[in-house]
Amino acid sequence: MLRLTSIDASYGRVQALRRISLHVGAGEIVSLIGANGAGKSTTLEVISGLIRPDSGRIVLGEQDVTSWRPGRLVRAGIAHVPEGRQVFGSLSVEDNLLLGAYSRTRSSREEIAADLQAQYKRFPRLHERRRQLAGSLSGGEQQMLALARGLMSRPKLLMLDEPSLGLAPIIAHQVLAEVKRLRDEGLTVLLVEQNARAALRIADRGYVVETGRIVLEGTAQDLLDNPEVQRAYLGRAYGEIWE
Amino acid sequence: MSVELAPQSQPNMSDEAALLARRRYMQKLQILALFSFMALLPLVVRNTYYIHVIIFIGLNLILATGLNLLMGYAGQVSLGHAAFFGIGAYTSGILTATYDWNAWLALLAALALTSFVAWLVGRPTLRLKGHHLSMATLGVGIIVAVVLRQWEGMTGGPAGMKTPGISILGFDLNTDLRYYYFVWAWVCLLTVLFANLVESRPGRALRALHDSELAAQILGIDTASFKVRAFVISAAYASIAGSLYAHSSMRFISPTPFAFETSVALLVMVVLGGQGTLWGPVVGAVSITFIQEFLRPWAQYDIVVYGLILMVLMIVMPGGLSRALGRLWEIVSGRVRARRARGRGGAER
Ligand SMILES: Nc1ncnc2c1ncn2[C@@H]1O[C@H](COP(=O)(O)OP(=O)(O)OP(=O)(O)O)[C@@H](O)[C@H]1O
Ligand SMILES: [Mg+2]
């Protein structure tokens, strides 16, 4: 469904990605794990068109989408739920959701209204708070909102950047359970997590990113069993929380 | 997520639509109330001086509303908004006085020129991250102030220039009272336009990019172009205020009102009233115009007073007066308590 071939990307003179190649098959959950500053967020930003790669190719389905603008990529079926949630704090929950459908210029009002109701059904908490300012929601609720806002664009591929960041373990667990449910409903997911164990538990495959390069790839189980991965990313401290 | 949370009530679309319609209706009603009040005011206020002051409040309100769109919605700051006010006024003044243009045509030409200048300044600076627009507009302010003073052949220099009046379909707006109604009709029109704009889809996109530019971009909002458009509209508002100023019953313009002090005064109006609110510019324009009038004998200290107001505001009520008053009203009417109770009930785990 999505294939990156030898992507280089940089911020000014700082090169952030070096020959990143990866692919995500339809219906898969693929997880990207790695330490702080490894280049995980940058990879997602390149895919969603926020950053133009210096070289390399991005293919979505059959189409070469390299250097497409974000709006066009949203219409092509890519949704990106950014790191730190980034909800629109001074707007109501409902306005946040409606903005999720911003690029759907071809959908009618009725279709969008129906999708809004579908999100409310999925996240009843958001319905209760639909008129509240998004900035006044709790961290967990904001993550739900960011996720629902992403879904309002009717994506085929959902990219999540550290959805469990800063959440209590039980809430984080529920978020990831929801991600799994979305996959079971047919969505394809590219999941960035620092919480490697939790991510690999729900993922089909994974990539390990280190200083802008992919250093390891494999099925989620292989990575979980890999002694290198265990040492670097599955430390006991994390493990205990998620046991 | 949905595991632990049972739905409390079923979503109901007609209920949503009704609420939104009600909010818009209330807003229209408030605007209508304000302008009815302004229409009746001259029945009570007969003193020419006060009529004059209220005309100025109207012009400041147009300026502040435009700047509010830029600051409160697009999250950008113009430090030279008086320059756009000045370009509007002098373009209208010069075209009508020197070249005998029709005042309405001159107003449109001024509008086009000001918008073009704003676009020239905004397009390159708003594509970059950061506060380049503030610096660039500061520069525009300085340049325009110098040109108005130095280009004596065209502008009359520091001594200023005489300007003709304006008429509608042969009806001369040559008295203070007529001009009062003319200016406030413009204020009404531009306020309604503004209210519709910020409630529209582009308005929502603007507020979104103010909160998180990254998220707005991810959703496909062309944030740079939205910022440029907001800036051009805010400059256009200033230009209209300038043209109206040029044809006022004073029949005279000079460079003084278009200098840096006015840019600061406008900034203070927006911040004092409350950025990003419909009523902020009203509160700001009324208070600052009165302060200006009050300080007229000590005009050189204006800027000190603005500085003080800004400082105190940032410390005690960064949301501005209109929000503070709104909150006070909520407390008085007991709404806050009710809302808190509801909020707490909903948050229980
Ligand atoms: N806006 C920026 N300007 C300059 N350098 C940046 C910028 N954003 C990221 N970088 C650099 O690019 C590299 C990759 O950053 P990125 O945010 O992709 O890492 P990450 O894997 O998402 O890390 P984290 O787990 O902390 O979110 C880092 O070295 C970082 O310092
Ligand atoms: Mg990151």
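A brief report on the enclosed structure follows. (Residues numbered from 1 in each chain as written. Chains lettered and ligands numbered in written order. Predicted model: local features only at pLDDT ≥ 70, side-chain atom pairs only at ≥ 80, totals over all residues. Heavy atoms only, no water.)

**Structural notes on the overall build of chain A**
So, step 1. The secondary structure content of chain A amounts to 11 helices and 10 strands.
So, step 2. In terms of overall dimensions, chain A has C-alpha extents of about 50 × 40 × 35 Å along its principal axes.
So, step 3. Counting across all 243 residues of chain A, residues that qualify as buried make up 60%.
So, step 4. Considering only residue pairs separated by 6 or more positions, chain A has 68% of its internal contacts joining residues 24 or more positions apart.
So, step 5. Split by element, the accessible area of chain A, about 10,100 Å² in all, is 48% carbon and sulfur.
So, step 6. Each charge class in chain A was averaged separately, 32 positive and 28 negative side chains, and the resulting centres sit 4 Å apart. (Helix = DSSP H or I, 4+ residues; strand = E, 2+ residues; numbered from the N terminus. Buried < 20%, exposed > 50% of the residue type's maximum accessible area, 1.4 Å probe, protein only. Contact = heavy atoms within 4.5 Å. Areas by Shrake-Rupley, 256 points an atom, 1.4 Å probe, with all protein chains shown as cover. Lys, Arg positive; Asp, Glu negative; His and termini not counted. Charge placed at Lys NZ, Arg CZ, Asp CG, Glu CD.)

**Quick word on the overall build of chain B**
So, step 1. Within chain B, the secondary structure is distributed over 15 helices and 4 strands.
So, step 2. The 349 residues of chain B split such that 47% are buried.
So, step 3. Pairs at least 24 residues apart make up 77% of the contacts formed inside chain B by residues separated by at least 6 positions.
So, step 4. Total accessible area on chain B is roughly 16,900 Å²; 67% of this is exposed by carbon and sulfur atoms.

**Observations regarding the pairing of strand β3 (residues 29-34) of chain A**
Residue and element names in this part refer to chain A.
So, step 1. Counting buried residues in β3 gives 6 out of 6 residues, a clear majority hidden from the surface.
So, step 2. Here β3 shows a buried face lined by Ile29, Ser31 and Ile33 and a second buried face lined by Val30, Leu32 and Gly34.
So, step 3. One ladder, built from 5 bridges, connects β3 with strand β9 (residues 205-210); its direction is parallel. Each bridged residue has a counterpart across the sheet, and for Leu32 the counterpart in β9 is Tyr207. (Pairing = 2+ DSSP bridges.)

**Observations concerning the site of ligand 1**
Residues and elements named next belong to chain A.
So, step 1. Taken together, 13 residues form the shell around ligand 1, and within it Asn36, Gly37, Ser41, Thr42 and Gln194 come nearest.
So, step 2. Here an oxygen atom of ligand 1 and a side-chain polar atom of Lys40 are 2.8 Å apart.
So, step 3. Take Glu162: an N or O atom from its side chain is 3.0 Å from an oxygen atom of ligand 1.
So, step 4. Considering ligand 1 on its own, with 630 Å² of exposed area, one finds that the protein chains cover 61% of that surface.
So, step 5. Looking at which element gives the most residues to the shell around ligand 1, the answer is helix α1 (residues 40-47), with 3 residues. (Near = heavy atom within 4 Å. Polar contact = N/O pair within 3.5 Å; in protein donor to acceptor, adjacent residues only side chain to side chain.)

**Details of the environment of Leu321(B)**
Residues and elements named next belong to chain B.
So, step 1. Within the fold, Leu321 resides in helix α14 (residues 321-332).
So, step 2. Taking the relative accessible area as the measure of exposure, Leu321 reaches 23% and is therefore partly exposed.
So, step 3. Between the C-alpha atom of Leu321 and that of Ala285, which follows or precedes it by 36 residues, the distance is 12 Å.
So, step 4. Contacts of Leu321, omitting those with residues within four sequence positions, involve Leu272, Gly273, Gly274 and Val283.

**Let's talk about the environment of Glu293(B)**
All names here are of chain B.
So, step 1. Counting through the fold element by element, Glu293 comes out in helix α12 (residues 280-294).
So, step 2. Between the C-alpha atom of Glu293 and that of Val53, which follows or precedes it by 240 residues, the distance is 7.8 Å.
So, step 3. For Glu293, the contacting residues outside a window of four places in its chain are Tyr49 and Val53.

**Topic: the packing of aromatic side chains**
Residue and element names in this part refer to chain B.
So, step 1. Counting across every chain of the model gives 15 aromatic pairs over all chains.
So, step 2. Ring centres of Tyr90 and Phe258 lie 5.9 Å apart, and the angle between their planes is 75°; on these two criteria the pair is classed as edge-to-face. Within this pair, whereas Tyr90 is found in helix α3 (residues 81-97), its partner Phe258 is found in the loop between β4 (252-253) and α11 (260-273), the two being separated by 168 residues in sequence.
So, step 3. Pairing Tyr180 with Tyr181 gives two aromatic rings, centres 5.2 Å apart and planes at 85°, and the pair type is edge-to-face.
So, step 4. Since its relative accessible area comes to 0%, Tyr180 is described here as buried. (Phe/Tyr/Trp six-rings, centres within 6.5 Å; stacked < 30°, edge-to-face > 60°.)

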